[in-house]
Amino acid sequence: MLTFNKVSFRWPKASTYCLNNLDLTLNQGERVALVGDNGAGKSTLLRLAAGLLKADEGQITLNGVDLSQLKAQQRAMSIGILFQEAEKQIFHSSIKDEIAFGLKQRKLTREQIDQYTEQALILCELTELADKHPLDLHAGQRRMVAVACLAALSPPLLLLDEPSRDFDAHWLRIFEKWLAHCQQSGTTILTISHDLDFVARHYSRVIHLSGGNIINDGPPSCVLCTEELQEPGELPSPTLYALNQALSLNYPDTPEEWSHSWLNRMR
Ligand SMILES: Nc1ncnc2c1ncn2[C@@H]1O[C@H](COP(=O)(O)OP(=O)(O)OP(=O)(O)O)[C@@H](O)[C@H]1O
């Protein structure tokens, strides 16, 4: 679905490339997490994938079409983005209007706009807040408004930058419910995250970016407990894998597999 073919990118005035000759393919319906140290180039990669930046070298394609050839409106039909500072992508004075805005750009009927807005409000558990001004909400709720805008549009490709940031346990549960809904409907998801427990819970493939290069790409059980990610200053091991290491268990990916392994060992 999304392909980076030998992509390099250098920020203006920077002496070195931020991304180097990068090859990457995301297949339809894949859930991919992008991890790595601060400054590794994750957000830059996401912006390139969104078509907000242009590669200096190489080519990025979306369903076989060169991304740079697509107009902004065509990209918006296919790609939904959640920025790290999601509140900066909110412009309207009520949550309802904010959600309806993207739908209006698609020239849907009034009934369709109302229907999809209501469905997104329900899915994101924002119905009671629908008439509130987004600035009257706390950070987690505001982030959920940005999520609801994506939920209403249901784009086939989601690019999420640190999505679990700002959520307390209540809103994280709602967000994860939406994410599971997207996974079930075959949405392709590329997510940047420093929260490795969140990554271990939801992603089937993890890419470790370091200094603008992919240094690891595979299932979470192979990538999340590598030495490179465990170096001081890097991201801490997710709880499940840390527990595996401490107890010398193999590396099951889910709590269910973990308890099965643990029970087997106790026998
Ligand atoms: N707008 C910009 N102008 C110039 N340089 C930038 C810009 N944005 C990022 N950079 C540089 O590009 C490099 C990669 O930054 P990027 O934000 O992509 O990393 P990241 O892996 O997303 O980091 P973080 O986890 O801290 O968000 C860094 O050296 C950063 O200073």
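Residues numbered from 1 in each chain as written. Predicted model: local features only at pLDDT ≥ 70, side-chain atom pairs only at ≥ 80, totals over all residues. Heavy atoms only, no water.

An unreviewed UniProt entry lists the protein under the name ATP-binding cassette domain-containing protein, with Limnobaculum parvum as the source organism.

Draft legend 1. View of the site of the ligand. The environment of the ligand is made up of Trp-11, Cys-18, Asp-37, Asn-38, Gly-39, Ala-40, Gly-41, Lys-42, Ser-43, Thr-44, Gln-84 and His-194. Here an oxygen atom of the ligand and a backbone polar atom of Gly-39 are 2.8 Å apart. At 3.0 Å from an oxygen atom of the ligand is found a main-chain nitrogen or oxygen belonging to Ala-40. When the ligand is considered free in solution it has 630 Å² of accessible area, and contact with the protein chains removes 57% of it. (Near = heavy atom within 4 Å. Polar contact = N/O pair within 3.5 Å; in protein donor to acceptor, adjacent residues only side chain to side chain. Areas by Shrake-Rupley, 256 points an atom, 1.4 Å probe, with all protein chains shown as cover.)

Draft legend 2. A look at the domain arrangement of the protein. Partitioning the protein into domains gives domain 1 (2–229) and domain 2 (230–266). Here the C-alpha centre of domain 2 lies 28 Å away from the C-alpha centre of domain 1. (Domains from an automatic or database assignment.)

Draft legend 3. How the structure looks around the packing of aromatic side chains. Counted according to the given criterion, the structure contains five aromatic pairs. Pairwise contacts between aromatic rings join Phe-167, Phe-175, Trp-178, Phe-198 and Tyr-203 into one cluster. For Arg-10, the ring lying beneath its charged end belongs to Tyr-17, and the centroid distance is 5.0 Å. (Phe/Tyr/Trp six-rings, centres within 6.5 Å; stacked < 30°, edge-to-face > 60°. Lys NZ or Arg CZ within 6 Å of the ring centre and 35° of its normal.)

Draft legend 4. Geometry of the sheet that holds strand S1 (residues 2–9). Spatial ordering of the open sheet is given by S2-S1-S4-S5, a layout of four strands whose pairing is antiparallel. Since the sheet does not close on itself, it has two edges, and those belong to strand S2 (19–26) and strand S5 (65–66), each with one partner. Two elements, S1 and strand S4 (residues 57–62), share five bridges in a ladder whose sense is antiparallel. Looking at the pairing, Leu-2 lines up with Leu-62 of S4. Docked against the sheet, helix H1 (residues 42–50) engages S1, S2 and S4, running at close to 125° with respect to S1. (Pairing = 2+ DSSP bridges. Helix = DSSP H or I, 4+ residues; strand = E, 2+ residues; numbered from the N terminus. Contact = heavy atoms within 4.5 Å. Axes fitted to C-alpha atoms, helices over the stretch in contact; angles between N-to-C directions.)

Draft legend 5. Just the side chain of Ser-193, in detail. Within the secondary structure, Ser-193 sits in the loop between strand S8 (188–192) and helix H7 (196–202). Excluding residues that lie within four positions of it along the chain, Ser-193 makes contacts with Leu-34, Val-35, Glu-162, Ser-164, Phe-198 and Val-199.

Draft legend 6. Main features of the nonpolar core. Core analysis: the largest hydrophobic core is formed by 46 residues, its most contacted members being Leu-126, Met-144, Leu-160, Phe-175 and Trp-178. Mapped by element, the contributors of at least two residues to this core are strand S3 (31–35), helix H3 (95–105), helix H4 (110–123), helix H5 (139–153), strand S7 (157–161), helix H6 (169–184) and H7. With nine residues, the top contributor of residues to this core is H5. Membership of the second largest hydrophobic core comes to 31 residues, among which are Leu-19, Leu-24, Val-32 and Leu-34. (Core = buried A, V, L, I, M, F, W, Y, C linked by side-chain atoms within 4.5 Å. Buried < 20%, exposed > 50% of the residue type's maximum accessible area, 1.4 Å probe, protein only.)

Draft legend 7. Spatial organisation of the sheet that holds strand S10 (residues 213–218). Pairing is mixed across the open sheet formed by six strands, whose spatial order is S6-S7-S8-S3-S9-S10. The open sheet has two edge strands with one neighbour each: strand S6 (79–82) and S10. This sheet shows a mean twist of 15° between the axes of neighbouring strands, independent of strand direction. In this sheet, S8 lies alongside S7 in parallel orientation, the contact comprising five bridges. Looking across to S8, one finds that Asp-161 is bridged to Ile-192. H1 contacts S3, S6, S7, S8 and strand S9 (205–210) of the sheet and is inclined by roughly 155° relative to S7. Packed onto the sheet, H5 meets S6 and S7 and runs at close to 180° relative to S6.

Draft legend 8. Molecular detail of H3. For H3, every residue scored as buried is listed here: Ile-95, Glu-98, Ile-99, Ala-100, Gly-102 and Leu-103. One or two steps after H3, the chain reaches Lys-107, where phi turns positive at roughly 55°.

Draft legend 9. Summary view of the packing of H3 against H5. The interhelical angle for the contact between H3 and H5, taken along N-to-C directions, is 35°, at an axis separation of 9 Å. Judged by the twist between their axes, the crossing of H3 over H5 is right-handed. Two secondary-structure elements touch here, H3 through Ile-95, Glu-98, Ile-99, Gly-102 and Leu-103 and H5 through Val-145, Ala-148, Cys-149, Ala-152 and Leu-153. In terms of residue class, the contact of H3 with H5 is built from eight nonpolar, one polar and one charged. (Left-handed = near helix turned anticlockwise from the far one by under 90°. Nonpolar A, V, L, I, M, F, W, Y, C, P; charged D, E, K, R; others polar.)

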